[in-house]
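Chain by chain, the residues:
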Amino acid sequence: MIDYKEHILANGLRVLVNHDQCSQMAAVNLLYIAGSVDEEPERSGFAHLFEHLMFRGTRNIPSYDAHVQQICGENNAFTSADYTDFYVTMPKENFEVALWLEADRMRNLNISRPRLETEKSVVIEEFNQRYLNRPYAEQWHTLRSMVYTTSPYRWPVIGQTPDHIRHASLDDVRAFYDKFYLPSNAILSVSGDLDAERVFEAAERQFGHLPLVEAPVRTIATEPPITSARRTELHSAVPADQITIAFLMERRSEHGYYLCDMLTDLLAGGESARLYQRLIKEQQIFSAANAYITGECGQGMLILTGQLSSDVTIEQAEAALWGEIERLATEPIGDYELQKVKNKFEANITFGELNVMNKAMNLGYYRMLGDMSLLNGEVEIYRSITSAELADYVARNLTPNKSATLIYHRKND
């Protein structure tokens, strides 16, 4: 259970505090509602670029990291399709220094041409290493473009092409910063042995002088459903043939999300799960197999994937994956198997709440979702799921006509 108090500054910054008396460390998390879904199709990758730029210094503070080190802190950041998150942990006595640093770079970032060019080079090199120059590199760009036709989820967080970052102008980048890096478009969350009122007062001191600017309104159109099977086959220098089957699934706040999450754990939640036991260990169809959901706030993807063992054909592997999907719909899921998966979810959530950083992140994340009841209510949602509703969901939604299949054929030497 994560208890919290909330306060909203006059400039729109939402501040949430969890008073954790068990920790001598404090965690400060600042979430900006700015992800790849907020980009324009011809200017993708900007949200991820700003994850880098925010550490390049401001007009007042040349080195963010140097001050974090002085307070014995550790910091990092990540970008998702839906938001960009910056976090720092430090001894609780120094938490206001973290607020000072975050407030300064919220509006005073020094976006000069030399700094921009440096970070553009870093991001382009990351793009090349992760998405162009490695086995199965094309899969995320290809698969997303197969599943999504209109949604901004159709490109990865890194962007559609490195050329979008390479050709980004200083004006384009500054415009993105001015539009999204605002108090009204951010959520500040703090966890530690700190009284909530003390944190609110500190937030007022550090952020209260920033002006109110209305946050941009995010509108993401509903992606049209897949109504006929989609298929793409690639020939590439990969270690093994691979098959990936993807389905468009519900939004993060919808019940179908939890059903999909549980289904993928039934299939691939460890070595006792179905894909490993049946398709790797017993039938030796795959050398590796997995099932997971991508976890977007909007409509995500449910994915099954496997790398084929030697002498197994694509046809055999595809039939084996579909056999496991159909078995979920036609054969009752045993009470023991279902309870094991539920226990895993409950344990992961419970253990996650022991860490102040996880608590701070969760406060920001669920506030962004707009339903704080989920912060402490998801265990009960997982507990309530039945075998019958899982089977019904599979029968209605995980069907060939609603799928997108990506095949990798290994090129012969």
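Residues numbered from 1 in each chain as written. Predicted model: local features only at pLDDT ≥ 70, side-chain atom pairs only at ≥ 80, totals over all residues. Heavy atoms only, no water.

The subject of this paragraph is the environment of F95. Residue placement: F95 occurs in helix α3 (residues 95-107). In this structure F95 comes out as buried when scored by relative accessible area, which is 2%. Once the C-alpha coordinates of F95 and M25 are considered, the two residues, 70 residues apart in sequence, prove to be 8.9 Å apart. If near-sequence neighbours (up to four positions away) are discounted, F95 is found in contact with A26, V28, M90, L194, R198, V199 and A202. (Helix = DSSP H or I, 4+ residues; strand = E, 2+ residues; numbered from the N terminus. Buried < 20%, exposed > 50% of the residue type's maximum accessible area, 1.4 Å probe, protein only. Contact = heavy atoms within 4.5 Å.)

Spatial strand order, β1-β2-β6-β3-β5-β4: six strands in an open sheet with mixed pairing. Edge positions in the open sheet fall to β1 (5-8) and β4 (74-79), since each of these has one partner strand only. Between one strand axis and the next, the sheet turns by 15° as a mean value, whatever way the strands run. In this structure, β1 lies alongside strand β2 (residues 14-19), joined through four bridges in antiparallel fashion. Bridge pairing in β2 links E6 to L16. (Pairing = 2+ DSSP bridges. Axes fitted to C-alpha atoms, helices over the stretch in contact; angles between N-to-C directions.)

Below, the discussion takes up the nonpolar core. The biggest cluster of nonpolar side chains holds 75 residues, and the ones touching the most others in it are F286 and L390. Sort the elements by how many residues they give to this core and helix α9 (residues 255-268) lands first, with eight residues. Apart from residues no more than four positions distant in its own chain, L390 is found in contact with L259, M262, L263, L266, I333, L338 and I385. Listed in part, the 53 residues of the second largest apolar core include L13, I71, L194 and V199. (Core = buried A, V, L, I, M, F, W, Y, C linked by side-chain atoms within 4.5 Å.)

The next subject is the environment of K281. Residue position: K281 is located in helix α10 (residues 274-282). Accessibility expressed as a relative area gives 51% for K281, which makes it exposed. In the structure, K281 is positioned 76 residues away from M357 in sequence and 38 Å away in space, judged by C-alpha atoms.

Evaluated as defined, the whole model comprises 26 salt bridges. Close ionic contact of D178 with R107 constitutes a salt bridge, the shortest N to O distance being 3.3 Å. Here the residue D178 occupies a position in helix α7 (residues 170-180), and R107 occupies one in helix α3, the gap between them amounting to 71 residues. The closest approach of N and O atoms between R144 and E296, which form a salt bridge, is 2.6 Å. Placement of R144 in helix α5 (residues 139-147) and of E296 in the loop between β9 (286-293) and β10 (301-308) is noted, with a sequence separation of 152 residues between them. Residues R144 and E296 agree in their burial class; the two are buried. Each of E40, E42, R43 and D172 takes part in a single network of salt bridges with overlapping partners. (Salt bridge = Lys/Arg side-chain N within 4 Å of Asp/Glu carboxyl O.)

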